[in-house]
Amino acid sequence: MPLYLGVMSGTSLDGLDIALIEQEQQLKLLATHYIPMPAELRQSLLALCASGPDEIARAALAENAWVALAAAGIHQLLTAQQLQPSAIRAIGSHGQTIRHEPARGFTVQIGNPALLAELTGISVISDFRRRDVAAGGQGAPLVPAFHESLFESQGERLAVLNIGGFSNLSLIERGTPVRGFDCGPGNVLLDAWIHDRQGQSYDAGGAWAASGKVLPNLLSALLSDPFFAGTGPKSTGREVFNLPWLKHHLSSQPACSDADVQATLLELTAQSIISSLQTAQQGTQALLVCGGGAHNSVLMQRLAALLPNARVSSTDVCGVDPDWVEAMAFAWLAHCCLEGVAGNRPSVTGARGLRVLGAVYPA
């Protein structure tokens, strides 16, 4: 009974998701654990997303703090499940992305896998993205191969949408290689704006956005960003979409209410997703949503309204908890690495071919 742990810390920086899976012929989720990100560590990681003084030392200290948090969470999960570290074949650790610029040939995830192996006594597979970038790919998104393995049996023209800090789509049709790409901002601008204006970390259920109205001129200006005009393979991150980017656009707009800006940002997320989906996959029959955005009821309603001929729901309808899909994916990628199975898909990332992803740090 091969057991793996997946550790995922996404661009939202709200915390660490840890998933325990069993991987034989089929994957089975056995247990989960969530650890909130301490405010000081979150600020340190956010600061590393842009150039600044003493970056190397700050990155080293931040990743050691990240690892200490992950190791503590892993021990808590194992204790709750009455498992010894020796029962786990490997940890698939995504690490924390601090820069992602595949056009310049690099992507950086910090997470000191050697230290994680030392603190847990479990082998660690990490650094999944750079091999794909080395092969000419975007290095992201990596989840479409996992989505295909998990949902292909649904037997229809299916799209799987992950809405974390950024949104990405996996397009699954039988007899066709899975395709996928980043759509643009998911929660990243919504979270940044409400934090800037109200000190809240996120807009629960989209309630604040629902209290405002969409500003057509601002929406048009935001959608004019060149990223939205491109077709996959493509990926993006905080280097492109961030609070200064939003404030730059706001500076050329008439004065407006904060709630109206939030409503417009939600519409930006919804329209950029559906527009890219309709361009890439005609006649989508079902859209399955995972990630934190699946809990934003206002956003889910907008997606359904913009895609009236498809069933829009969270992955819950397939028995898969939307909060744990990405952590499960990196546990699965660890399995693929140890079995010598390619984890990327050239049809998604644009890499020159299939590649086994990840570097192994033995226990």
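For every chain, the first residue of the written sequence is number 1, and numbering continues from 1 onward in sequence order. Under the rules for a predicted model, residues below a pLDDT of 70 receive no local features and side-chain atom pairs below 80 are neither given nor counted, while totals for whole chains, interfaces and linings still include all residues. Hydrogens are left out, water is left out, and the side-chain values use all remaining heavy atoms of the structure.

1. Some remarks on the packing of helix H1 (residues 39–47) against helix H2 (residues 55–80)
Here comes step 1: Whenever a helix is involved, its axis is fitted only over the stretch in contact; in every case the axis is a line through C-alpha atoms, and angles between N-to-C directions fall within 0 to 180 degrees. Numbering of helices and strands runs from the N terminus, with a helix taken as a DSSP run of H or I at least four residues long and a strand as a DSSP run of E at least two residues long. Where H1 meets H2, the closest approach of the two axes is 10 Å, and the angle between their N-to-C directions is 140°. The pairing of H1 with H2 is recorded here as oblique in orientation. Judged by the sense of rotation from one axis to the other, the crossing of H1 with H2 is left-handed. Mapping the contact onto sequence places Leu-41, Ser-44, Leu-45 and Ala-47 in H1 and Arg-58, Ala-62, Ala-65, Trp-66 and Leu-69 in H2.
Here comes step 2: Partitioned by chemical class, the residues of the contact of H1 with H2 number 7 nonpolar, 1 polar and 1 charged. Any angle that is under 35 degrees is reported as roughly parallel, and any over 145 degrees as roughly antiparallel; angles of 65 to 115 degrees are reported as roughly perpendicular and all others as oblique. Crossings are classed by handedness, with left-handed meaning an anticlockwise turn of the near helix from the far one by less than a right angle and right-handed meaning a clockwise turn. Contact definition: two residues touch when any of their heavy atoms are within 4.5 Å. Three classes are used: nonpolar for Ala, Val, Leu, Ile, Met, Phe, Trp, Tyr, Cys and Pro, charged for Asp, Glu, Lys and Arg, and polar for all others, with Gly counted as polar.

2. A closer look at the packing of aromatic side chains
Here comes step 1: Paired rings are identified among Phe, Tyr and Trp, the last through its six-membered ring, by centres lying within 6.5 Å, and are further divided according to the angle between planes into stacked (under 30 degrees), edge-to-face (over 60) and tilted (the rest). In this structure the tally under the stated criterion is 6 aromatic pairs.
Here comes step 2: Their ring planes at 75° and their centres at 6.0 Å tell us that Phe-227 and Phe-228 sit as a pair that is edge-to-face. Summarising the burial analysis for this pair, Phe-227 and Phe-228 share the class buried.
Here comes step 3: Centre to centre, the rings of Phe-228 and Phe-241 are 5.4 Å apart; their planes meet at 35°, and the pair counts as tilted. Of the two residues, Phe-228 is situated in helix H9 (residues 226–229) and Phe-241 in the loop between H9 and helix H10 (243–250); the sequence distance between them amounts to 13 residues.
Here comes step 4: Here a set of aromatic residues connected by ring pairs shows up, and it is made of Phe-227, Phe-228, Phe-241 and Trp-245. Residue exposure (1.4 Å probe, protein chains only): buried if accessible area is under 20% of the type maximum, exposed if over 50%, otherwise partly exposed.

3. A closer look at the sheet that holds strand S1 (residues 3–8)
Whenever strands of a sheet pair, they do so through backbone hydrogen bonds, lying parallel or antiparallel.
Here comes step 1: Across the sheet, 6 strands lie side by side as S3-S2-S1-S4-S7-S13; this open sheet has mixed pairing. Lying at the two open borders of the sheet, with one neighbouring strand each, are strand S3 (27–36) and strand S13 (359–361). Pairwise comparison of adjacent strand axes, ignoring direction, gives a mean angle of 20° for this sheet.
Here comes step 2: DSSP calls a pair of strands paired once it identifies at least 2 bridges connecting them. Where S1 meets strand S2 (residues 15–23), 6 bridges bridge the pair, whose relative direction is antiparallel. Looking at the pairing, Tyr-4 lines up with Ile-21 of S2.
Here comes step 3: Running at roughly 130° to S3, H2 makes contact with S1, S2, S3 and strand S4 (90–93) of the sheet.

4. A closer look at the pairing of strand S8 (residues 158–163)
Here comes step 1: With 6 of 6 residues buried, S8 is to be regarded as a mostly interior element.
Here comes step 2: Side-chain alternation along S8 places Leu-158, Val-160 and Asn-162 on one buried face and Ala-159, Leu-161 and Ile-163 on a second face that is also buried.
Here comes step 3: Pairing of S8 with strand S9 (residues 166–173), which is carried by 6 bridges, proceeds in the antiparallel orientation. Pairing of Asn-162 across the sheet is with Asn-168, part of S9.
Here comes step 4: Hairpin connection between S8 and S9: a loop of 2 residues separates the two successive antiparallel strands.
Here comes step 5: Relative to strand S11 (residues 286–290), S8 runs parallel, the two sharing 5 bridges. Bridging from a neighbouring strand, Val-160 pairs with Leu-288 of S11.

5. Quick notes on the domain arrangement of the protein chain
Here comes step 1: Parsing the protein chain into structural domains produces domain 1 (3–140 + 323–361) and domain 2 (143–318).
Here comes step 2: Reported domain spans reflect what an automatic or database domain assignment gives. Of note, the centres of domain 1 and domain 2, computed from C-alpha atoms alone, are 23 Å apart.
Here comes step 3: Once two parts are joined, some of their accessible surface, as seen by a 1.4 Å probe, is lost; buried area is that loss totalled over both. For the pair domain 1 and domain 2, the summed buried area comes to about 2,100 Å², and 60% of that belongs to carbon and sulfur atoms.
Here comes step 4: The largest contributions to the domain 1 side of the interface with domain 2 come from Thr-11, Val-325 and Val-348, which together make up 27% of the buried area.
Here comes step 5: Take a side-chain nitrogen of Lys or Arg and a carboxyl oxygen of Asp or Glu: if they are within 4 Å of each other, that pair is a salt bridge. Applying the counting rule to domain 1 against domain 2 returns 1 salt bridge.
Here comes step 6: Definition of a polar contact: a pair of N or O atoms within 3.5 Å, with one able to donate and the other able to accept a hydrogen when the atoms are protein atoms, and with sequence-neighbouring residues admitted only if both atoms are side-chain atoms. On the surface where domain 1 and domain 2 come into contact, there are 8 residue pairs in polar contact (both at pLDDT 80 or more).

6. Here's the deal with the pattern of salt bridges
Here comes step 1: Scanning the model with the defined rule gives 12 salt bridges in all.
Here comes step 2: We note a salt bridge from Glu-173 to Arg-157, for which the minimum N-O separation is 3.4 Å. Taken together, the residues Glu-173 in strand S9 and Arg-157 in the loop between helix H5 (143–151) and S8 connect sequence positions 16 residues apart.
Here comes step 3: Taking the relative accessible area as the measure of exposure, Arg-157 reaches 31% and is therefore partly exposed.
Here comes step 4: The residue Lys-213 makes a salt bridge to Asp-260 at a minimum N-O spacing of 3.1 Å. A residue pair is termed long-range when its members are at least 10 positions apart, and Lys-213 in the loop between helix H7 (207–210) and helix H8 (216–223) and Asp-260 in helix H11 (residues 258–280) qualify at 47 residues.
Here comes step 5: Lys-213 sits in the exposed class, given a relative accessible area of 53%.

7. Details of the pairing of S2
Looking along a regular strand, one sees side chains alternate from face to face of the sheet.
Here comes step 1: By the criterion of burial, S2 is predominantly enclosed, with 9 of the 9 residues buried.
Here comes step 2: Count of turn residues in the S1/S2 antiparallel hairpin: 6 residues, of which Leu-13 carries a positive phi of about 60°.
Here comes step 3: With 9 bridges connecting them, S2 and S3 associate as antiparallel partners. Among the inter-strand pairings, Ile-21 is bridged to a residue of S3, identified as Leu-29.
Here comes step 4: Counting the residues between successive antiparallel strands, the hairpin from S2 to S3 contains 3 residues.

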